[in-house]
Amino acid sequence: VGSEMCIRDRNASDMILTDDNFATIEKAIEEGRGIYENIRKSILFLLSSNFGEIITMFLSILCGLASPLKASHILWINLITDCFPALALGMERAEPDIMRRRPRDAKAGIFAGGLGLDVAYQGLAVSVLTLISYFVGHFMESGVWEIANSPDGMTMAFLTLSMAEIVHSLNMRSQRNSIFTLKGQNKALNLAALASLALTTLVIEVPVLANAFGFTPIRLEEYAVALGLAVTMLPLVELVKFFQRRKK
């Protein structure tokens, strides 16, 4: 009778402890929290990046531009720049303070903890940097500040958008903590970032690929300006994180 009751209890249980060692339970909780946080990081990265692309298109229409980027450019970014870093974020180690945090509310949604606000401001930042790159590229090409279709501007905007999202993936190693306080490196994320930079450079500089995507050759200084604008995502998000931590 006792064994039958035990079997029924096991079948009806949501969780069964096969090892009641406290250290094992603690390690399992830490692992579970780390997995959940990595899912949130990947979601935040993908949503903010795609929101940035949408806002870029919307603001360009308001400015009177046909489009600073083509559909093929957005497809390339989604397949190369977004996909691999998002997967690599799932391999991030649990943050050092993850076991000192309060247990999350079981009823809290995935956007709890300010994730929705983070998506909004980070996406807007990506969009603004992309449009700045476009207009700077047109100025460097023509010497005139104006709203006009620009081959150099389009190429620089593509480079800035691609690399801003890569830099942003490094920001997403932690939603609130500074990435400079994290121990160790995410080798998969670093590899994804380098591969994305190399592939994006190839599609801009190799004539066959550049012609297929409608890009024009840009000078070294234009390339540097576009990359510099993209890197701005790192200190910008770090600054916002700093004030978020102070407020908390």
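Residues numbered from 1 in each chain as written. Predicted model: local features only at pLDDT ≥ 70, side-chain atom pairs only at ≥ 80, totals over all residues. Heavy atoms only, no water.

K.L.:
Outline helix α9 (residues 233-247), listing residues and values.
P.N.:
Between its first and last C-alpha atoms α9 spans 21 Å; for 15 residues at 1.5 Å apiece the expected length is 21 Å, and the two agree. For α9, the complete set of buried residues consists of Met233, Leu234, Val237, Glu238, Lys241 and Gln244. Looking down the long axis of α9, one finds its buried residues gathered within 120° of arc, a one-sided arrangement. Looking at α9, the residues exposed on the side facing more than 90 degrees away from the buried face are Phe243, Arg246 and Lys247. Taken together, the buried residues of α9 touch α4 (115-142), α5 (151-171) and α8 (220-231). (Helix = DSSP H or I, 4+ residues; strand = E, 2+ residues; numbered from the N terminus. Expected span 1.5 Å × (residues − 1). Buried < 20%, exposed > 50% of the residue type's maximum accessible area, 1.4 Å probe, protein only. Arc of directions from axis to C-beta. Contact = heavy atoms within 4.5 Å.)

K.L.:
Quick one: what's the story with the nonpolar core, residue by residue and with numbers?
P.N.:
Taken as a class, soluble globular proteins show a tendency for nonpolar side chains to be buried jointly. By size, the foremost hydrophobic cluster in this structure holds 39 residues, and its most contacted members are Trp76, Phe158, Leu159, Val203, Ile204, Phe215 and Met233. Counting only elements with at least two residues in this core, the list comes to α3 (71-89), α4, α5, α6 (187-205), α7 (207-213), α8 and α9. Among the elements that make up this core, the one with the highest residue count is α5 (10 residues). Residues within four places of Met233 in sequence aside, it is in contact with Gln122, Ala125, Val126, Leu129, Ala164, Val167, His168 and Asn171. By size, the runner-up hydrophobic cluster in this structure holds 9 residues, among which are Leu89, Leu115, Val119 and Leu189. (Core = buried A, V, L, I, M, F, W, Y, C linked by side-chain atoms within 4.5 Å.)

K.L.:
Which residues make up the pattern of salt bridges, and what values do they have?
P.N.:
Counted according to the given criterion, the structure contains 7 salt bridges. In this structure, Glu92 and Arg173 form a salt bridge, with 2.9 Å as the shortest nitrogen-oxygen distance. Highlighted residues: Glu92 in the loop between α3 and α4 and Arg173 in the loop between α5 and α6, separated in sequence by 81 residues. The partner of Arg176 in a salt bridge is Asp118, and the shortest N-O contact between them spans 2.8 Å. Linking Arg176 in the loop between α5 and α6 with Asp118 in helix α4, this pair joins segments that are 58 residues apart in sequence. Take Arg176: its relative accessible area is 23%, and that puts it in the partly exposed class. By sharing partners, the salt bridges in this structure join Glu37, Lys41, Glu95, Asp97 and Arg101 into a single network. (Salt bridge = Lys/Arg side-chain N within 4 Å of Asp/Glu carboxyl O.)

K.L.:
Account for the side chain of Arg173, naming residues and giving values.
P.N.:
Its relative accessible area of 6% is what places Arg173 among the buried residues. Within the structure, Arg173 has its side chain in polar contact with the side chain of Glu92 (distance 2.9 Å). From its side chain, Arg173 meets the backbone oxygen of Gly184 in a polar contact 3.3 Å long. Beyond its immediate chain neighbours, meaning those up to four positions away, Arg173 contacts Lys41, Leu89, Glu92, Glu95, Ile179, Leu182, Lys183, Gly184, Gln185, Asn186 and Leu189. (Polar contact = N/O pair within 3.5 Å; in protein donor to acceptor, adjacent residues only side chain to side chain.)

K.L.:
I'd love a proper account of the environment of Arg102, names of residues and values included.
P.N.:
Its location among the elements puts Arg102 in the loop between α3 and α4. Considered as a pair, Arg102 and Ala224 are 122 residues apart in the sequence and their alpha carbons are 44 Å apart.

K.L.:
I'd like a rundown of the environment of Gln244, residues and numbers included.
P.N.:
By the secondary structure assignment, Gln244 is in helix α9. For the pair formed by Gln244 and Ser72, sequence separation is 172 residues and the distance between their alpha carbons is 37 Å. Not counting the four nearest positions on each side in its chain, Gln244 is found in contact with Asp118, Tyr121, Gln175 and Arg176. A polar atom in the side chain of Gln244 sits 3.1 Å from the side chain of Asp118.

K.L.:
Give a detailed account of a nonpolar patch on the surface, specifying residues and quantitative values.
P.N.:
The grouping of Leu124, Val128 and Ile132 at the surface amounts to a nonpolar patch, some 220 Å² of accessible area in total. Note that Leu124 resides in helix α4. Given the relative accessible area of 43%, Leu124 is considered partly exposed. (Patch = residues over 30% accessible without salt bridge, like charges linked within 9 Å, V, L, I, M, F, W, Y side chains within 5 Å. Areas by Shrake-Rupley, 256 points an atom, 1.4 Å probe, with all protein chains shown as cover.)

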